[in-house]
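Here's the letter readout for the chains.
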Amino acid sequence: MMMDGLMDAIKVFFNGVGVFFILYLIGYSTFLFLAVVVGASTLYRTRQQIMLKNVLEQNYYVPVSIIVPAYNEELTVVETVRSLLALDYNVYEIIVVDDGSKDDTARTLIDAFGMHAIRRPIRRQVACQPEEFVYTALDQKVPLTLIRKQNGGKADALNMGINAAQFPYFICIDADSVLQYDSLREIVRPVLEDDNVVAVGGSVRPCNGVELENGRVKRYRLPRNLLACMQVLEYDRSFLAARILFDKFNGSLIISGAFGLFKKDAVVACGGYDRTTMGEDMELVVKLHEYCVSNDLPYRIRYATGAICWTQVPERLRDLCTQRRRWHLGLFQSMSRHKGLFANLKYGPVSLISYLYFLLYELLSPYIELFGVLTVLLAFWVDLINVPFMILFYVIYAVFGSVLSLTAFFSRIQTIDLKISFSDGVKAVLLCLFEVTCLRFVLAFVRATAFRGYRKKKLQWGQIERRKIQLK
């Protein structure tokens, strides 16, 4: 009798788990489907407007300060600055902040652009570590400034850049990234269309395997490295789908640290970047939501699909795991510090949709997925699982996810006039299944174990192996 009661309890448990996971996957699949459909249709409409000349063509410019935080980036920082000097834009400045690099990042820049030392007072509007020296080059297309400061982390370096910025809007870009020639025009477009815009996110695409010339794609191909290739599919699904959908209801909670535009006054009023978090990009956006709503200020946080930033993605699994571990810790810090947004009607869709999505399908998802795997193993051990049904369900889920990933990938390729070879198309089709099934679970385990060594390394820069960007 006792064994029968135990088996009945186990069956009830497994039935409950099964219902939960069916609802969980239906929710995620529905969101992903809506996101990809909305993203693809938005890109198509934008392309049609451009072809019909039905878009805003500005002959005037929003002054912008471009801030480039750098730490041990001597291999890539010069090419990044050269690409910024080649942008199709008139009114901007470039500020490179060397956060106490241990390599020759500062000296490389000084020699490459013939910079000279100056005495320049920097007004402290937001907190940051003190500067050590300031160099400038006034013989370039736009003012180029190098600030070397004591090490304080990426957020601290960004705060220094904000303090030094002369213009009302600033852009943050990673030192291993390259902006497309028209990215500034595209990312300021929402500001010209709406005075209430306080932040705009750009679209980030992996540049591994891509050849760029004067900010234009000369040759596009998928990376030879399979890990980097799978990240191309992942990035397109993320930036094409989810962020375009969130943009429809002012629900964006994150703007990639690799490329984003912000209104300086609003950021200063929020206290700048939080220097005690790993996820300074998400932290700032969430603070902007809270600040504007709490003060009854009309605001918009937008996403510019045509503003493209090309960035390097890790080609080694160890580097990828390090990167995703930091991302997950940053997500946890931002959501735990701003838990007041959860189920708070005052914040509208930001609370009821965006925060809930990031909680269930980003922050808690690795633990839910690993719990699901353990439950399947336990059910198999006690002989309470329908193996053919489980395999069929998993295959349907994998194929569905792969189709949506490929839809996002090919939609992006088509709408920005890129061409890929037949072999790259086949590679994308084959690798998308592996990305959805295998890589996803590897990264789920990495994120689930992200808190190991958290306190010891929580303020350190994340470092991955760099390669020179293919610029011509």
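Provided above is the structure to which this section pertains.
Parameters at a glance
- Position labels on residues start from 1 in each chain and follow its written sequence.
- In keeping with the model being predicted, local features are shown solely for residues with a pLDDT of at least 70 and side-chain atom pairs are shown and tallied solely at 80 or more, while totals for entire chains, interfaces and linings include all residues.
- Hydrogens and water molecules were not included; the side-chain quantities draw on all heavy atoms of the structure.
- A pair is scored as a salt bridge if a Lys or Arg side-chain nitrogen falls within 4 Å of a carboxyl oxygen belonging to Asp or Glu.
- Strands are runs of DSSP state E lasting at least two residues, helices are runs of H or I lasting at least four, and both sets are numbered from the N terminus onward.
- Each residue gets one of three labels from its accessible area relative to the maximum for its type: buried under 20%, exposed over 50%, partly exposed in between, using a 1.4 Å probe on protein chains only.
- A helix is expected to reach a length of 1.5 Å times the quantity of its residues less one.
- Any two strands with at least two DSSP bridges between them are considered paired.
- Axes here refer to lines fitted to C-alpha atoms; in helices the fit is confined to the stretch in contact. Angles between the N-to-C directions go from 0 to 180 degrees.
- Two residues form a contact once any of their heavy atoms are found within 4.5 Å.
- Cavities and pockets were defined on a 1 Å grid built over protein atoms only: a cavity is a set of grid points that admits a 1.4 Å probe from which the probe cannot escape, a pocket is an open set flanked by protein on both sides within 12 Å along at least five of seven lines, and lining residues are those with an atom within 4 Å of any such point.
- Grid points are joined across faces, edges and corners, and a volume is the space filled by probe spheres set on the points.
- Polarity classes work like this: nonpolar for Ala, Val, Leu, Ile, Met, Phe, Trp, Tyr, Cys and Pro, charged for Asp, Glu, Lys and Arg, and polar for all others, with Gly in that last group.

## Brief notes about the pattern of salt bridges
Okay, step 1: The final tally for this structure, using the stated rule, is 19 salt bridges.
Okay, step 2: In this structure, Arg148 and Glu132 form a salt bridge, with 3.1 Å as the shortest nitrogen-oxygen distance. Remark: Glu132 occurs in strand β4 (residues 131-137) and Arg148 occurs in strand β5 (residues 144-149); sequence separation between them is 16 residues.
Okay, step 3: Residue Glu132 is classed as partly exposed on the basis of its relative accessible area of 44%.

## Notes on helix α8 (residues 280-294)
Okay, step 1: With 15 residues, α8 should cover 21 Å at 1.5 Å per step; its first-to-last C-alpha distance of 21 Å lies within 8% of that length.
Okay, step 2: In terms of burial, α8 is largely enclosed, as 13 of its 15 residues are buried.

## Concerning the sheet that holds strand β8 (residues 197-206)
Okay, step 1: Ordered in space as β3-β4-β5-β2-β1-β6-β11-β8-β12-β7, the 10 strands form an open sheet in which the pairing is mixed. The open sheet has two edge strands, β3 (116-118) and β7 (177-179), and neither has a second partner. Strand-to-strand, the axes of this sheet are offset by a mean angle of 30°, without reference to chain direction.
Okay, step 2: Relative to strand β6 (residues 169-173), strand β1 (residues 64-70) runs parallel, the two sharing four bridges. Paired with Ser65 across the strands is Phe170, a residue of β6.

## Quick look at the side chain of Glu234
Okay, step 1: Looking at where Glu234 falls in the secondary structure, it is placed in helix α6 (residues 226-247).
Okay, step 2: Judged by relative accessible area, Glu234 falls into the buried class, the value being 17%.
Okay, step 3: Setting aside residues no more than four positions away along its own chain, Glu234 makes contact with Arg324, Glu435 and Leu443.

## Some thoughts on the layout of surface pockets
Okay, step 1: There is about 1000 Å³ of room inside the second largest pocket.
Okay, step 2: Where the lining of the second largest pocket is concerned, the elements lending two or more residues are α1 (2-51), α11 (365-381), α12 (387-415) and α13 (422-448).
Okay, step 3: The element best represented in the lining of the second largest pocket is α1, accounting for 10 residues.
Okay, step 4: A class-by-class count of the residues in the lining of the second largest pocket yields 20 nonpolar, six polar and three charged.

## Overview of α11
Okay, step 1: Relative to the 24 Å expected for 17 residues at 1.5 Å per residue, α11 spans 24 Å between its end C-alpha atoms, a close match to the ideal helical length.
Okay, step 2: Among the residues making up α11, those that are buried are Ser365, Pro366, Ile368, Glu369, Gly372, Thr375 and Ala379.
Okay, step 3: Positive phi shows up at Asp383, right after α11, with a value of about 60°.

## Remarks on unusual backbone geometry
With the exception of glycine, most residues fall at negative phi, and the peptide bonds are largely trans.
Okay, step 1: Residues other than glycine seldom take positive phi values, yet Asn250 does so here, at roughly 55°.
Okay, step 2: Structurally, Asn250 is set in the loop between α6 and β11 (259-263).
Okay, step 3: Residues other than glycine seldom take positive phi values, yet Asp296 does so here, at roughly 55°.
Okay, step 4: Locating Asp296 in the fold gives a position in the loop between α8 and β12 (300-311).

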